[in-house]
Every structure is written in C-alpha cells, then in structure tokens.
Amino acid sequence: MLSVISRKLRFTVLITALLVGSTVMSLREASIQSSQIVKLYGQSSEIIAQVVTDPNQSASGNYTFIARAIYVKSSHGSFEMRTPIRVITPRPSVLELLPGQSFSATARIFDSKEGRVAALVLIDEDVTVITQASRWAKSLASIRFGLRNLTGDGDAGALIPGMVLGDTSKQSLEFKLAMRRSGLAHLVAVSGANFAIVSAFVLWCMQFLFTRMKFRLSATAIALICFIALVRPSPSVLRAAAMAAVLLIAVGTNRGRDSLPALGFAIGAVVVADPWQARDAGFALSVLATGGLLLFAPKVAERFARFLPGKLAQALAPPIAAIVFCSPILVALSGYLSPISIVANLLAAPAVGPITILGFIAALLSPIAPILSMALIWLIRFPAGFIAAVATWAAQFPVLTLRTGSIGFLIVASFSLTLWLFKKYLKAISITALVLIIALTWIQRWPAGDWQIANCDVGQGDSMVLNLGNHRAIVIDVGPDPVLVDRCLKALGIDEIPLLILSHFHDDHVAGLSGAIKNRRVSQLWVSTNAEPLMESENVALLMKGVEIMRPQRGYSVQISQFTIDVMWPEVGERVFASMPGDGSAVNNSSIAALITSANFSLFSAGDLEPPAQQELVGRVSKVDIYKVSHHGSRYQETALMSALKPEIAVISVGAENRYGHPAPQTVQALTRLGAEVLRTDINGSISIQAKAHQFTIRTSKGRFNLFRLG
C-alpha cells in the first residue's frame, strides 16, 4: 500500500515539476518574443543598457557580456524596456564595466540564437558610462581585481584567478586549449567543485566552534552565500552552488545515495529560477557530474580497492565517475574525448584544494593586506605551476575525436549503456571497441599522405595552405581562431612559412595569426595596401616584428619553389567603389588577389573581393583548376568572373550556421552549373587536395562515415 502511494506521489511531483517548468519557460519566452527590440533587428540604434555579467574576452578576441536593455532609440521611434541582450564589442575598455552600471552606445541589433537574450547587440565604438558602480560592486571588484593583479604573469599566474574565482581573463587561448584537451578545464570555471572545497573547509573549521552538525551546516551555508556574492550570482554560479549544496548535504549527513531527492530538488529549483538552464549544456554537465559522484564513484572505488591501495582507489573514483557520466555531453559539445584526462585529473587533484582555499583567503586580503596576500599567492604559485605543466604535458597526447552534436552523443551514450547492460562481457567489449577505434582512426586520418593544397576548417574565416615540401608551406590568411589554425598546420606538419599572405585586415582573415606563427618561422609577409581596420593591422605589425613586410600590387610576380605567384589586385593607386550592403566593402575590395600556378595545378584566390572589384579582373584571368571562392561564397559575386575562371574545384571557406547566410545558394548553384565540384568547410571540414598533372584527389576531415579520429 505504501509503495503504491509512494509511486503516485512521485508521479504527481514529476507532473507538477513539468507543468511549473514549462509554464515558467513559456512566460519568459513570450516576454522576450514580444519585446520591442525584436522590431529593430538589422538596424543601427542608440541604446542605454545595464550590465548584468562581467565582460570577458571570447575566443574570437572580441569582448562580450549580458546586459539589460533599458532604452532604445531608432528611426522607428524610442522604446523603454527591460530586455536581456548579448553585447559584443572589439573595445577592451568594456572590461572596466561592473554589474549594475548603465552605459550608452550606438549599436547594431541582430537576432540571437541564444535563448536567454532577445537580441545580439554589436558595438563598434567605446561605450559611454552613465552611472558609476555601487560601493558594494566596487568592493567585490577590488577583491577580484586584487587577486588578478597580484598573481603575476605566466600560466601559473593566469590559472589562480580562474581556479579561485572563475576569472579566466589572463589566460591565453593556447593555455585554454591545453586545459580543455587535458580535461582540466573544469578547474578554471566556477563549478560545484569550487563551492564544495570552500564549503568543506568552512565545515571543517566549524567543528572547533560548534558541536552540533546543524550549526556547522548553517555556518557553511552562510559562507556559501558570501562566496556566491564574490564570484557573482550568474546562472552558472547559482547552479554550481546548488550542486555543491547537494554534495555538502551528502557529506554532512553521510547519506550519499539518499541525497538523490536533494539533487532532484536542486535541479527543479534552478530550472524554475532560470528556465533556460534546462537547455544549457553546462547545467547538464553539473547535474551529471554530481550524479556520478553520488552514484558511480562509490562503486568505482569499491571495485578498484580490490587490487589498488584504498587511498589511490578513492582518488581515482571521482574523476572516472564524472567523466563516464559527462562523456556523452562532452563529445556532443567538443567532439572529442581525452583518454589522458583521468591521469591529468589524478595528478592535479592534490594541488586543487590548497590553491582554492589559500587563493580565496588571498583574494579576501588583497584590498586590505596586499603584502600578506602576495605571500599566500607566492606559496600557491608552485602548485599552480604544477597544474599548468600537467595541462601542457597532457595536451600533447592524442585525443579521440568524434562527430559533434547528436551523433557523437548517441555513440558515447550507446557505448556506455552497452557496458552497463553487459557488465560480464566488459573486457571483451572494451577490447573490441579499442580495436575498432584504432582501425577507423587510421582509415579516416587527415590529410593522410601526399597533398599539394589544403584549406583549413577555421570556422567563419579563411586559411589556405600550399605545400612546399620539407614541412614548409605558403599560407594564405589565418582565419579568426589561433587555436584552429595552429591545430590545422600541426596536422599538415608545417614548421616553416616562407611566405604568409594576409589578403586584408578583417579579423576573420587575420585574428588567428598568433596560432599560425606559434613555433613557426615566417620569412616574408604580404599585406593589403589598406590598413583598415587599424586595430587588426596594428596587432599584425606587433606580432610580425622582424619579418619582412610587403604590400604587393597588380603586376608583381614572384617564383617560390615550384609556384609562380602573380598578383592581380589591388592595382596601383587608390580606387573607390560603391559599397555593397553590410560593412567593410572598402576593406574587402582592397584584398590581395593572386593567381598561383605550377606544373600540377592553377589556383585563384581573391580574399573577400566584391563585384565592383571582381569586374576589374574579368579579362585578366582565364580558366583555373581551383578557385578559392571570394567572400565565403556570399551572394555578391560577379558571374562573369566565375565564368572566366570556370574552375574544376571551388573551395568555400565558411563557418557552420553562420549568421551571414554564407554561402548563398545562388553562388553554389552558379558554380555547379559551371561544372565545378563545390567543397565547403562547414560541410566537408578541412580539405586536402593531391594534384598531379592537373588530376586531383580530394580528402576531407568530415564525412558520412568519419566517426572517429585520433589526433
């Protein structure tokens, strides 16, 4: 009888939770969709907004944060509102903004795919601060900035603020990649682990003040609330606090398995407070990691204790449990699993607690006793340096790359379920899977042997590589992401770049420069005659100090190894063309266009040239084997130029699901009608072409059956 009542009660709770969650989500979604800002998509407007989250630098080099739009003025009128927006700007001055401050700016407003905001707002110029931060916000900022400023340089100095307060602003893109590839990225995010360590420390201290557990837990809860205030009560922080509270209750009451109802309550509370968490991968990872620690870690420790020392078994169990439970989501997001991550987590584990606890104390002391804070930071720089070294070491190992999205999720989830259902065949299944993975990764490797031309998949940007042999190559553009272009050049085995061509200074062609030149020698650099945008061109000049820089113009020709390079554009003197819709036409039309020929192939590449400049090239070019399609295959193409080139292979370098609608269907159709085989990095991934006497063999890093890769 009691079991029947219990089942009915659980069913009622489940239905109630679904109804409440869907209702709250519907109301929030309706509020966003009915906002006046939706009517201003694609327009430039004057906007007043209030900062919600701390600005930080994204992988693209821009700065981003969530704000609340308060007032918007456009040609369609003025509107008052309280609407969440995502702000993106190239101006580093926004890093000085604090939550609660209001600012004004001229912005362009676009639709956003991010569920929790109503619009994507792009701001090109510096913002104007309207209100100063509150004393409370300044006090918290002084603690955050104090820790950031006192930790010093290097990866160790950048790691400490991340491990203590989730502040990753000092970390380089290369170090962030190393942390991800090594499976240690969770250490530099404000996660349940941060809260659990701080709470466990406070709980341990409270035993000297209180004898009753409920008083200890109450004091620890107060410390948890203070920590939330310090690291900012963003949605990710609140969910981490909720998960940590579950673990704290489990530890404090010694009822790990019975803590599942508390986990369920925490999930429900977070989703009701912020419905978009239900669709957030980070929330799913937090829940799964917590569930793994509660359910699977004790079983792993018990199994390992049969043939390993007890303490070692206890140390191995948590990272293994978390990785097993989180692996389907991790693969769906990143597309790879790192087998070495368990070892890396095991090595780093002893250093995490001291860094988090002493770093937290150092942060609190930094505004009032900086000397004492520096002494504590000096102590924890040693374990921080050790973790940074472990991350760098582990990042050198191959990772198992799988398809992202639902396919990768289903592969890992199915494998995990198979192991769970057929435990007695665990060894046989594991060996079979290992042999299958090794075989598939060998068959599907990229570029796999000889190649002459490669186009790297760098997202929404360009990067083409011409093989000179002996690990040398000509590189045309370096894309927007240093990590992606560096990874591609490593896969191609390129150590030296005799000639680097940056067609123009838009960041989707030059922002990846630091990755392209990492541990590689560049002999000569070609750049556009147009130095706009100045911020990007100045950054290029700074990175390329000591390298010979040329600004070639039409008529210039050079022979490099087996290649003849004829510059077709820009021409001598300044030309002004009518601007196409959108921004940057003047810069696009100053792109370097080059005809590259050899005994085995001919190739034409023209950066982002638009139709007015493309028309000037008609009659100067003839049929080529390969055409790197201008401007990511946008709809603004000169059909006469495509007809004159009449390529056998058309390469379109473009990011998947980009907001520009590239490539345009009419451009792809026009190339297909000319008989070209159209290759796209958003569909095909990185592309390598083997050319012999104008005969071509194509290999891509993506494909229907390309499920596994080791690299």
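Residues numbered from 1 in each chain as written. Predicted model: local features only at pLDDT ≥ 70, side-chain atom pairs only at ≥ 80, totals over all residues. Heavy atoms only, no water.

(A) Highlighting the overall build of the protein chain. Along the backbone of the protein chain there are 23 helices and 25 strands. Looking at the protein chain as a whole, 49% of its 711 residues qualify as buried. Pairs at least 24 residues apart make up 67% of the contacts formed inside the protein chain by residues separated by at least 6 positions. Summed over all atoms, the accessible surface of the protein chain reaches about 33400 Å², with 62% contributed by carbon and sulfur. (Helix = DSSP H or I, 4+ residues; strand = E, 2+ residues; numbered from the N terminus. Buried < 20%, exposed > 50% of the residue type's maximum accessible area, 1.4 Å probe, protein only. Contact = heavy atoms within 4.5 Å. Areas by Shrake-Rupley, 256 points an atom, 1.4 Å probe, with all protein chains shown as cover.)

(B) Fine view of the sheet that holds strand S19 (residues 602–605). Across the sheet, which stays open at both edges, the seven strands sit in the order S16-S17-S18-S19-S20-S21-S22 with mixed pairing between neighbours. Either end of the sheet is taken by a strand with one partner, and the two such strands are strand S16 (557–560) and strand S22 (677–680). For this sheet, the mean angle separating the axes of adjacent strands, direction not counted, is 20°. Taken together, the five bridges between strand S17 (residues 563–569) and strand S18 (residues 593–597) define a ladder with antiparallel strand orientation. (Pairing = 2+ DSSP bridges. Axes fitted to C-alpha atoms, helices over the stretch in contact; angles between N-to-C directions.)

(C) A look at the nonpolar core. In terms of nonpolar packing, the biggest core is built from 38 residues, with Leu-147, Leu-159, Met-163, Leu-184 and Ile-387 touching the most fellow members. Looking at this core, the elements that each hand over two or more residues are helix H2 (135–150), helix H3 (154–165), helix H4 (173–181), helix H5 (192–206), helix H6 (213–231), helix H11 (341–365) and helix H12 (370–395). (Core = buried A, V, L, I, M, F, W, Y, C linked by side-chain atoms within 4.5 Å.)

(D) Fine view of the packing of aromatic side chains. Under the defined criterion, the tally for this structure stands at five aromatic pairs. Aromatic pair Phe-604 and Tyr-627: ring centres 6.0 Å apart, planes at 35°, arrangement tilted. In this pair, Phe-604 is assigned in strand S19 and Tyr-627 in strand S20 (residues 626–628), connecting sequence segments 23 residues apart. (Phe/Tyr/Trp six-rings, centres within 6.5 Å; stacked < 30°, edge-to-face > 60°.)

(E) Region of the structure containing the pattern of salt bridges. By the definition in use, this model includes eight salt bridges. Between Lys-628 and Asp-462 there is a salt bridge whose closest N-O contact spans 2.4 Å. Of this pair, Lys-628 sits in strand S20 while Asp-462 sits in the loop between strand S10 (453–455) and strand S11 (464–469), and the two are 166 residues apart along the sequence. Look at Lys-628 and you get buried, because its relative accessible area is 3%. For Asp-462, a relative accessible area of 2% puts it in the buried group. Residues joined by salt bridges that share partners form a network here, namely Asp-486, Lys-490 and Arg-520. (Salt bridge = Lys/Arg side-chain N within 4 Å of Asp/Glu carboxyl O.)

(F) Inspection of the pairing of S11 at higher detail. Of all six residues in S11, five are buried; the element is thus mostly enclosed. Where S10 meets S11, three bridges bridge the pair, whose relative direction is antiparallel. The residue of S11 that forms the bridge with Ile-453 is Leu-466. Taking the residues that link successive antiparallel strands as the turn, the S11-strand S12 (residues 472–476) hairpin has two residues, and the phi of Asn-470 there is positive, at about 55°.

(G) The environment of Ser-75, seen in detail. Summarising the element assignment, Ser-75 is placed in the loop between strand S3 (63–74) and strand S4 (77–89). A relative accessible area of 71% means that Ser-75 is categorised as exposed.

(H) Structural context of a nonpolar patch on the surface. Among the surface-exposed residues, Val-343, Leu-347, Phe-386, Trp-393 and Phe-397 lie close enough to one another that they form a single nonpolar patch of about 410 Å² accessible area. Looking at the nonpolar patch, the elements that each hand over two or more residues are H11 and H12. Tracing the sequence through the fold places Phe-397 in the loop between H12 and strand S9 (400–402). A relative accessible area of 31% means that Phe-397 is categorised as partly exposed. (Patch = residues over 30% accessible without salt bridge, like charges linked within 9 Å, V, L, I, M, F, W, Y side chains within 5 Å.)

(I) Up close: the sheet that holds strand S15 (residues 548–550). Taken in spatial order, the eight strands make up an open sheet running S15-S14-S13-S12-S11-S10-S23-S24, and their pairing is mixed. Single-partner strands in this sheet number two, and they are S15 and strand S24 (695–700). Adjacent strand axes in the sheet meet at a mean angle of 20°, parallel and antiparallel pairs treated alike. Taken together, the five bridges between strand S13 (residues 496–501) and strand S14 (residues 521–526) define a ladder with parallel strand orientation. Bridge pairing links Ile-497 to Val-522 in S14.

(J) Representation of the packing of H3 against H12 in the model. With their axes 8 Å apart at the nearest point, H3 and H12 run at an angle of 100° to one another. Relative to H12, the element H3 is oriented roughly perpendicular. Residue-level contacts link Asp-155, Ala-156, Gly-157, Leu-159, Ile-160 and Met-163 of H3 to Ile-377, Ile-380, Arg-381, Ala-384, Gly-385, Ile-387 and Ala-388 of H12. (Parallel < 35°, antiparallel > 145°, perpendicular 65-115°, else oblique.)

(K) A look at the environment of His-631. When you line up the elements, His-631 lands in the loop between S20 and helix H21 (639–645). In this structure the C-alpha to C-alpha distance between His-631 and Asp-608, which are 23 residues apart in sequence, comes to 4.0 Å. In contact with His-631, not counting residues within four places along its chain, are Asn-588, Gly-607, Asp-608, Glu-610 and His-662.

(L) Expanded view of unusual backbone geometry. At the junction of Glu-532 and Pro-533, the peptide bond is cis and its omega measures out at -10° in the coordinates. The step from His-662 to Pro-663 runs through a cis peptide bond, and the omega angle for that step is -10°. On the secondary structure map, Pro-663 appears in the loop between strand S21 (649–652) and helix H22 (665–673). With a phi angle near 60°, His-632 is a residue other than glycine that sits in the positive phi range. Phi angles above zero are rare outside glycine, and Lys-646 is one such case at about 40°.

(M) Broad picture of H12. Most pronounced at Arg-381, the bend in H12 amounts to some 35°, and the proline Pro-383 follows within four residues. Among all positions in H12, only Ser-373, Leu-376, Ile-377, Ile-380, Pro-383, Ala-384, Ile-387, Ala-388, Val-390, Ala-391, Ala-394 and Ala-395 are buried. Tucked into the core, H12 has its buried residues touching H2, H3, H4 and H11. (Bend = angle between axes of the 7 residues up to and from the residue.)

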